[in-house]
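The primary structure of each chain is shown beneath.
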Amino acid sequence: MGARAESLAKQFEVKAAEMTGAITKLSDADWKKVTSAEKWSVGVTAHHAAGGHEGILGIVKTIASGQSIPNFTMAMLDEMNAKHAREQAGCTKAETLALHEKGAAAAAAAVRALSDAELDRSGTVLTGAPPMTTQQVVEGILISHITGHLESIRKTVGG
């Protein structure tokens, strides 16, 4: 474990803890409010963020190993997200919190284990987009994903 990986893992853990606190405080009424950013319920948005940890971790691991994500477009990502929103419309706070805590722990541990060489490796994440280093994926996708959805939830529920 290097200092860079430790710093990135800690940044993620801070955001994950903020998300845990936000989910825990949500009332049943808050859970059903619709976010302006995603146009999903707060519950679905929280579940999406929670479920994203392990999926994004797969991208981190792929890029860290020197590989690229083959033939993955923004349209495919949008469709995956829309499908998730439909399928998880009835998700509960308890299952979302459990999914979030499990995924966040796995992501933090995996990020913490990255070497500097792995953090510097790069590959294509989205077809047509410039390559990203593993560190950029951690900062720009893993951490930003949770941060963006947390901000949306807070804006929606006024917290």
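Preceding this section is the structure that the text describes.
The structure contained in this document is the topic of the report that follows. (Residues numbered from 1 in each chain as written. Predicted model: local features only at pLDDT ≥ 70, side-chain atom pairs only at ≥ 80, totals over all residues. Heavy atoms only, no water.)

**Description of the pattern of salt bridges**
In the structure shown here, the tally under the stated rule is 11 salt bridges. Across the pair Lys10 and Glu6 runs a salt bridge, and its minimum N-O distance is 3.7 Å. Taken together, the residues Lys10 and Glu6, both in helix α1 (residues 3-25) and four residues apart, mark about one turn of the helix. In this structure Lys10 comes out as partly exposed when scored by relative accessible area, which is 48%. (Salt bridge = Lys/Arg side-chain N within 4 Å of Asp/Glu carboxyl O. Helix = DSSP H or I, 4+ residues; strand = E, 2+ residues; numbered from the N terminus. Buried < 20%, exposed > 50% of the residue type's maximum accessible area, 1.4 Å probe, protein only.)

**Describing the environment of Ala75**
Relative to the helices and strands, Ala75 resides in helix α4 (residues 74-87). Taking the relative accessible area as the measure of exposure, Ala75 reaches 57% and is therefore exposed.

**A look at helix α7 (residues 134-157)**
Along its 24 residues, α7 runs 33 Å from first to last C-alpha, staying within 8% of the 34 Å computed at 1.5 Å per residue. Where α7 terminates, the next one or two residues include Gly158, which has phi positive at roughly 75°. (Expected span 1.5 Å × (residues − 1).)

**Looking at the packing of helix α3 (residues 42-64) against helix α5 (residues 93-112)**
Between α3 and α5, the least distance of the axes is 9 Å, while the angle of their chain directions is 25°. It follows that α3 is roughly parallel to α5 by the angle criterion. For the pair α3 and α5, the crossing hand works out as left-handed. Taking contact as the criterion, the partners of Gly43, Ala46, His47, Ala50, Gly51, His53, Glu54, Leu57 and Lys61 in α3 are, on α5, Glu95, Thr96, Leu99, His100, Lys102, Gly103, Ala104, Ala106, Ala107 and Ala110. Of the residues belonging to the contact of α3 with α5, the class tally is eight nonpolar, seven polar and four charged. (Axes fitted to C-alpha atoms, helices over the stretch in contact; angles between N-to-C directions. Parallel < 35°, antiparallel > 145°, perpendicular 65-115°, else oblique. Left-handed = near helix turned anticlockwise from the far one by under 90°. Contact = heavy atoms within 4.5 Å. Nonpolar A, V, L, I, M, F, W, Y, C, P; charged D, E, K, R; others polar.)

**A look at the nonpolar core**
Counting residues in hydrophobic clusters, the biggest one holds 41 residues, and the most contacted among them are Phe12, Met19, Leu114, Val125, Val137, Val138 and Leu142. Secondary-structure elements contributing two or more residues to this core are α1, α3, α5 and α7. Sort the elements by how many residues they give to this core and α3 lands first, with nine residues. Sequence-distant contacts of Val125, defined by excluding residues within four places in its chain, comprise Ile59, Ile63, Ile69, Phe72, Met132, Val137 and Ile141. (Core = buried A, V, L, I, M, F, W, Y, C linked by side-chain atoms within 4.5 Å.)

**With respect to the packing of α3 against α7**
In contact at an axis separation of 9 Å, α3 and α7 are set at 175° when each is read in the N-to-C sense. By the angle between their directions, the pair α3 and α7 is classed as roughly antiparallel. In this structure, α3 contributes Val42, Thr45, Ala46, His48, Ala49, Gly52, His53, Ile56, Ile59, Val60, Ile63 and Ala64 to the contact, and α7 contributes Thr134, Val137, Val138, Ile141, Leu142, His145, Ile146, His149, Ile153, Thr156 and Val157. Grouping the constituent residues of the contact of α3 with α7 by class yields 15 nonpolar, eight polar and no charged.

**Digging into α1**
With 23 residues, α1 ought to run about 33 Å at 1.5 Å a step, and its terminal C-alpha atoms sit 33 Å apart, in line with that. All of the buried residues in α1 are Ala5, Glu6, Leu8, Ala9, Phe12, Ala16, Met19, Ala22 and Ile23. Buried-residue contacts for α1 involve α2 (28-32), α3, α5, α6 (116-120) and α7.

**Quick word on unusual backbone geometry**
Generally, phi is negative for residues other than glycine and the peptide bonds are trans, each holding for most cases. Notably, Lys39 is not glycine yet its phi reads approximately 65°, a positive angle. Positioned with a positive phi, Asn71 is a non-glycine residue whose angle comes to about 50°. With respect to the helices, strands and loops of the structure, Asn71 is situated in the loop between α3 and α4. Classification of Asn71 by relative accessible area gives exposed; the value is 62%.

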